[in-house]
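Read off the chains here:
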Protein chains: 2
Amino acid sequence: MYVLGIDGGGTKTKGIIAKSNGEIIAEATVGPTNPNSVDKWSLKKELQNLFTLLKQQCDSCFFQLKHVFAGMSGVGHPTTKEMVQKILVDLLPDHVHVTVNIDAINALYSGTLGKPGIVQIAGTGSITFSINHDGLSDRVGGWGYLSGEMGSGFALGRDALEAAFLAYDGLGTPTAISNFLLEYFQAAKLPDIIHAVYQEKNQKERVASLSKIVMRAADNGDQVAQGIIQKNAVHMGKSIACLQTKRFSKKDRVPVVLTGGIYNRLDLFQAIIEKEIRQHQLESILTVPKMEPIGGAIVAAWREEGVTVNSSFVKVFTR
Amino acid sequence: MYVLGIDGGGTKTKGIIAKSNGEIIAEATVGPTNPNSVDKWSLKKELQNLFTLLKQQCDSCFFQLKHVFAGMSGVGHPTTKEMVQKILVDLLPDHVHVTVNIDAINALYSGTLGKPGIVQIAGTGSITFSINHDGLSDRVGGWGYLSGEMGSGFALGRDALEAAFLAYDGLGTPTAISNFLLEYFQAAKLPDIIHAVYQEKNQKERVASLSKIVMRAADNGDQVAQGIIQKNAVHMGKSIACLQTKRFSKKDRVPVVLTGGIYNRLDLFQAIIEKEIRQHQLESILTVPKMEPIGGAIVAAWREEGVTVNSSFVKVFTR
């Protein structure tokens, strides 16, 4: 028996057919399938392409698929989710069960192996998402960079720019962030970086990349940088506590999966997040998953069929 | 004797030839001339076009011009300023004196009639700019929407989105801003507005337009909205106080010109700004200019020739 897990994003889309013991039958990567960034026709073409590549590796397996779980970015809206679901059903043999859901599920299950819990994703953007014991899901955040999105790489980078320019203007505390920005942009004075920031086609990514500067300055004991990390980490803690309060019992030690580039520096955030959660009289177990998100998609597919993956599965999908 | 004042921006460029008593000899409006948004060739074409239109109204006056003052957006960098200066010199008769400077000068002089002072511009973006008694200029802010730019329409709009989504997520205080956002976007629930905000081609303008919602909610006694106004107004006060401290004597009652769309609701900001300035042991006279920025450009041109405009000038250029 096989399932297919799909991890769909705005840059690329990965699909893996696997057994519950982790044996990989077929694996392929195609282009973007985020319905907010590609049109319906391109989306269908990419998925068609994915299936062709997978079939080339094992044609018979493809027709023995039990379940396809597609964890996709950009399918938060019910209409969009239905649209993607219909495309997948049309492309797959009649007997295959198809589930489409947001990509946060992949991230959550990559850490909880299909169990309920909370996932906090802090990459360029940020979102906190939960599935509880009754299968109910909820979220906070993830409303995009124009709505603040504290805890995201973008928010950290924007805070870095703001702090540096406030210091430059004589309105804020001097900070090591300023020098690191000059070094990063190879600029002589701060106003010279403006052009480089705004000229960049993907301004959001560029600003998010500056989050590394905040971390470096914090490592150097810079108090402004440490303040930025404090503020953002407290928000992460609040977001987790919010979902834990709303969707879990007070006594639950809820698994909380932390993923995304920001958590490469878990050491800077962990204690602050944990303290904030404790201040809400809650307990949780923070983990950074060793498995790739695509592993979580396959876990989700097996879970839909009532199957729990075993330890050899985890070994295969651990990076 | 005549001078030409130019008010150049990213949308349009206005030029008026006038006497120091305010008599308007010729007046024309052409396209954008912000060197950051149009190329050198288009910039030259627009200015050429402006001069042609002015000459059609009074050919002889054009050749009797004493001074051209061009207050232009986007000429903050010395290289850019020089480039625009050269274009103007090439297009004008040899004997004409040409001055190019940032458009904040137009705004400042539209309020001080050529006297030293501070101008704070709060439109989509924000900047605080000063010219002191020694003719030295300085600035704080104006580093673009990715660097915070508190006090700007964009900052107020972003704060509104953030507050509404924090409340929606259960992480922030409920606020009337949420309902006003739903009404503005004709949406049933908050997440439905996301698409409308991000789909907009000019996201910056769209977000800035939400500043009106903050003001409306504040009028209704909403404490979250009042908090947003408080935070931004304090920053405005700090920016003014900063330039006043750096560039003026402690005893000076410095004229502070407030311009830009945000100050259509001066009543919401004035007391907070004044309090902040007083907390720095400073005194200033806040004014909202009655004159259009183009009037300030003509004032600047006359000023360069050592001429002060008279009261009849002010009457003509008052909107």
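Residues numbered from 1 in each chain as written. Chains lettered and ligands numbered in written order. Predicted model: local features only at pLDDT ≥ 70, side-chain atom pairs only at ≥ 80, totals over all residues. Heavy atoms only, no water.

The name an unreviewed UniProt entry assigns to chain A is ATPase BadF/BadG/BcrA/BcrD type domain-containing protein, from the organism Oceanobacillus profundus.

Trainee: Could you give an account of the overall build of chain A, naming the residues involved and the relevant values?
Mentor: Along the backbone of chain A there are 13 helices and 10 strands. Its C-alpha atoms give chain A a radius of gyration of 21 Å, near enough to 20 Å, the size a compact globule of 319 residues would have. Here chain A, with 319 residues, has 54% of them falling under the buried criterion. At a minimum sequence separation of 6, the contacts of chain A that also span at least 24 residues come to 67%. Accessible area for chain A stands at about 13900 Å²; split by element, carbon and sulfur atoms hold 49% of it. (Helix = DSSP H or I, 4+ residues; strand = E, 2+ residues; numbered from the N terminus. Rg over C-alpha atoms; globule rule 2.2 N^0.38 Å. Buried < 20%, exposed > 50% of the residue type's maximum accessible area, 1.4 Å probe, protein only. Contact = heavy atoms within 4.5 Å. Areas by Shrake-Rupley, 256 points an atom, 1.4 Å probe, with all protein chains shown as cover.)

Trainee: Let's hear about the interface of chain A and chain B: which residues, and what values?
Mentor: Contacts between chain A and chain B engage 32 residues on the former and 32 residues on the latter. Buried surface at the junction of chain A and chain B, both sides included, amounts to about 2600 Å², of which 64% is carbon and sulfur. The interface formed by chain A and chain B contains 0 salt bridges. Of all the elements in the fold, those that place two or more residues in the side of chain A that touches chain B are strand 8 (137-141), helix 5 (153-168), helix 7 (191-199), helix 8 (203-209) and helix 10 (223-247) of chain A. For the side of chain A that touches chain B, the element with the most residues is helix 5 of chain A, which contributes 7 residues. For the side of chain A that touches chain B, the residue count by class is 17 nonpolar, 9 polar and 6 charged. (Buried area = accessible area lost by both parts, 1.4 Å probe. Salt bridge = Lys/Arg side-chain N within 4 Å of Asp/Glu carboxyl O. Nonpolar A, V, L, I, M, F, W, Y, C, P; charged D, E, K, R; others polar.)

Trainee: Could you give an account of the domain arrangement of chain A, with specific residues and numbers?
Mentor: Residue and element names in this part refer to chain A. Assigned domains within chain A: domain 1 (2-102 + 290-317) and domain 2 (113-288). For domain 1 versus domain 2, the distance between C-alpha centres works out to 29 Å. Counting residues at the interface gives 6 residues for domain 1 and 4 residues for domain 2. Around 510 Å² of area is buried between domain 1 and domain 2 when both sides are counted, 71% of it from carbon and sulfur atoms. If you look at where domain 1 meets domain 2, you find 0 salt bridges. (Domains from an automatic or database assignment.)

Trainee: Go over the state of the cysteines with me, naming the residues and quoting the values.
Mentor: The term disulfide refers to a covalent linkage connecting the sulfur atoms of a pair of cysteines. Residues and elements named next belong to chain A. With the rule as written, the count across this model stands at 2 disulfides over all chains. Note on cysteine connectivity: C58 is disulfide-linked to C61, with sulfurs 1.9 Å apart. Its torsion about the S-S bond being 65°, the disulfide of C58 and C61 is classed as right-handed. The class of C58 is buried, set by a relative accessible area of 15%. (Disulfide = S-S within 2.5 Å.)

Trainee: Describe the relation of the copies chain A and chain B, listing the residues and the values that go with them.
Mentor: Taken together, a rotation about one axis and a shift along it account for how the two chain copies relate. Between the two copies, chain A and chain B, the superposition gives an RMSD of 0.0 Å; the rotation angle is 180° and the shift along the axis is 0.1 Å. Look at the turn and shift together and you get a two-fold axis relating the two. In terms of C-alpha distance to the rotation axis, chain A has L146 of chain A as its closest residue, with the C-alpha 5.0 Å off the axis. Taken together, the interface assignments show that 97% of the residues at the interface of chain A recur at the interface of chain B, consistent with an identical surface on both copies. (Least-squares fit on C-alpha atoms with pLDDT ≥ 70 in both.)

Trainee: For the sheet that holds strand 9 (residues 253-259) of chain A, give the residues involved together with the corresponding values.
Mentor: All names here are of chain A. Taken together, the 5 strands give an open sheet; going across it, the order is 8-7-6-9-10, and neighbouring strands pair in mixed fashion. The sheet is open, and its two borders are formed by strand 8 and strand 10 (283-287), each paired with just one other strand. Strand-to-strand twist of the sheet, defined as the mean angle between neighbouring strand axes without regard to direction, takes the value 20°. The pairing of strand 6 (residues 117-122) with strand 7 (residues 126-131) spans 6 bridges and is antiparallel. When the sheet's bridge partners are listed, I118 is paired in strand 7 with S130. In the packing of helix 4 (residues 104-112) onto the sheet, the strands contacted are strand 6, strand 7 and strand 9, and the crossing angle to strand 6 comes to about 120°. Packing of helix 10 onto the sheet brings it into contact with strand 6, strand 7, strand 8, strand 9 and strand 10, and relative to strand 8 it is tilted by some 155°. (Pairing = 2+ DSSP bridges. Axes fitted to C-alpha atoms, helices over the stretch in contact; angles between N-to-C directions.)

Trainee: Any chance you could break down the nonpolar core for me, citing the residues and the numbers?
Mentor: Counting residues in hydrophobic clusters, the biggest one holds 110 residues, and the most contacted among them are F269 of chain A together with F269 of chain B. Not counting the four nearest positions on each side in its chain, F269 of chain A is found in contact with L156, M215, I229, A233, M236, I262 and Y263 of chain A. (Core = buried A, V, L, I, M, F, W, Y, C linked by side-chain atoms within 4.5 Å.)

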